[in-house]
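Summary of the model geometry
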Amino acid sequence: MPVGRPGPIRRLVGFVWRTLDFSRRLVLNLLFLAIVVLFVFAWFYEFRPAPADKTVLVLDIKGPIVEQYTGAASEAILAQTLLERERETQLRDVLTALDAAAKDTRIARVLVLLDDFEGAGLATLREVTAALGRVRAAGKQVVAWGSSFDQRQYYIAAHADEVYLHPLGTILLRGFGGYRNYYRDALDRLGISVNVFKVGKYKSFAEPFTQNGPSPEARADEQSLLDDLWRQYTAAIEAERKLPEGSIARLIDELPQRFAAVKGDAAQLALKEKLVDGLKTRDELRALLIERGAVDRAHKTFRQIALGDYLSLQPQSTRGDVVGVVVAAGDIVDGDAPQGMIGGRSTAELVRRARESERVKAVVLRVDSPGGSAFGSELIRRELQLTQQAGKPVIVSFGDVAASGGYWISMAADEVIADPATVTGSIGVFALLPSADKAMEKLSLHTAGVTTTWLGGAGDPRRPLDPRVGELIQTGVAHSYDQFIRLAAAARKSTPEKINEVAQGRVWSGRQAKEQNLVDRLGSYVDALKDAAARAKLGEDFRVVYLEREPRGIDRLLALLFGEIARALQAGLGLTPTELIGQDASNQARRDLTWLRKAAANPLSAMSHCLCEPR
């Protein structure tokens, strides 16, 4: 006999019971997980006392130096828990530790280890070396050691009181610049053409898709930029190492002969050219620091404290007025974006939070971006403008790159401060629209259909570009460029005509940008923070708070449950490190073609992006 469907009351009771049962199991499981976390934390946690006298702060920089960690909270926590080293090092952490060490009587010296440092732009390197300079100005010694030094590692090392290299090590100074991919012939063979719409003769972002090499204007523009940055690099090295002007250039020019003179011994060449003060193995370095400082008998080494441990001991005040910092690092997109990118909507929301907070008395926008979406850039600029109108000082601080959209978001500020090595400017706009109709022909593929208007198939890459579509896009690009230079003219108290003369997509170093009135003054990130505090009348002992996206969902859960035990697990279990990402020669092609795909998806969107990278 068939069983009838349960009645509505029975179904309701069943639903309520299943909901209660699920909730009970969920709460119990979360409670059990929390107990396990607390147990693991208690088991592996290692108490770290305050540093004693004659302690060495070990600045062992891991990965690249970044403005903020890249990606979601869960990624950073899992990397910190499962790996022996961090993926990245935040610039703010390095500066905080070094400035604290300069004032800390227990810290006798700083040891800089650079083997795991994977690079940063010249402007960021200058921030680090300026902080090392403040340590030295406080009467404390800075020692740098490396098994080898690449160009960026050596820039930091050269700013130490003493530089030591492993006896089998090398120092490789290459100069700036390099080569990139150009896809014109390859795309032609595939039957793909890229339609470019731009304003600005120096706007070279699209050239890899339409040419087999840089245009004369782009080549001259980049050469001017790189020459200025290289002069800054070599001048700083020669000054710190007390070398005659031009020594680095002569060493590179005569490298084959000088290398032969030391019979191929790269370490001896570095010593002979006075790039280092001595050759030491790691155990010899350890013995030297024990002799100069104090011995840690428990660990059979010199008395020391690591960067992360020292940061954890710094006092964290939660009272009083603050300078709020919004980091704008990475490519700019329209909507929300994780850390490591700039979301027009999400970053604008951070600026709005700073404006509406009663405790935030001034805002610093820290920019490290080659640009991206013009619309996303304008969302951020508008929020900064509203912050100014609300009476809060807005200071913009340029990092490695502040170009195109990165410059656009900076055009609503009381003061714009650039590092002399910041890659900046690139005021220009473009749009890309690929067409693959010839590729379809080669593959004997066809496309057909009906639309109610001619715009129905506009931008479809399977069909030839309709001239009317091209006219629409070019008109929109021209309008965006006109808006760009008008906003820049208002921000710089100039005229659109004068801005246009230094715009056209051209890139400048920060030093050149100051000469062209594209920034207010040259200075550091620390200068920007002090300027913001002074304008808000906060005094010298002001606090800095970073406004960043709150973790949500699983990221928030992981942050709450595992954030405190990451180092404890690592130390207690002795986990083996694993490399996250290997070197991949196709990264550039993948990045370029990703931009082409995005352009095809949004044919009417204007882009303000610079084909430039930090040096």
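The rules behind these values
Residues numbered from 1 in each chain as written. Predicted model: local features only at pLDDT ≥ 70, side-chain atom pairs only at ≥ 80, totals over all residues. Heavy atoms only, no water. Buried < 20%, exposed > 50% of the residue type's maximum accessible area, 1.4 Å probe, protein only. Helix = DSSP H or I, 4+ residues; strand = E, 2+ residues; numbered from the N terminus. Arc of directions from axis to C-beta. Contact = heavy atoms within 4.5 Å. pLDDT = per-residue confidence, 0-100. Pairing = 2+ DSSP bridges.

1. So, helix 12 (residues 282-292)
- Every buried residue belonging to helix 12 is among Leu285, Leu288 and Leu289, and all of these are buried. For helix 12, the angular spread of buried residues about the axis comes to 95°, placing them on one side.
- Looking at the buried residues of helix 12, the elements they touch are strand 4 (107-113), strand 5 (141-146), strand 6 (162-165) and strand 10 (301-302).

2. Section: the confidence of the model for the protein
- Summarising the model, the protein shows a mean pLDDT of 86, and 81% of its residues fall at 70 or more.
- Across residues 40-45 the pLDDT falls below 50, and counting only partners more than four positions away or on other chains, this stretch makes nine contacts in the model.
- Counted against residues more than four places away or in other chains, residues 553-585, with its pLDDT under 50, gives 48 contacts.

3. Section: the environment of Ala266
- When you line up the elements, Ala266 lands in helix 11 (residues 266-272).
- In this structure, the C-alpha to C-alpha distance between Ala266 and Ser148, residues 118 residues apart in sequence, is 9.8 Å.
- Residues in contact with Ala266, not counting those within four places in the same chain, are Gly169, Thr170 and Phe259.

4. Remarks on the sheet that holds strand 6
- The strand order 8-6-5-4-1-11 describes an open sheet built from six strands, whose pairing is parallel. Lying at the two open borders of the sheet, with one neighbouring strand each, are strand 8 (278-279) and strand 11 (304-306).
- Across six bridges, strand 1 (residues 55-60) lies against strand 4 in parallel orientation. Opposite Val58, over in strand 4, you have Leu111 as the bridge partner.

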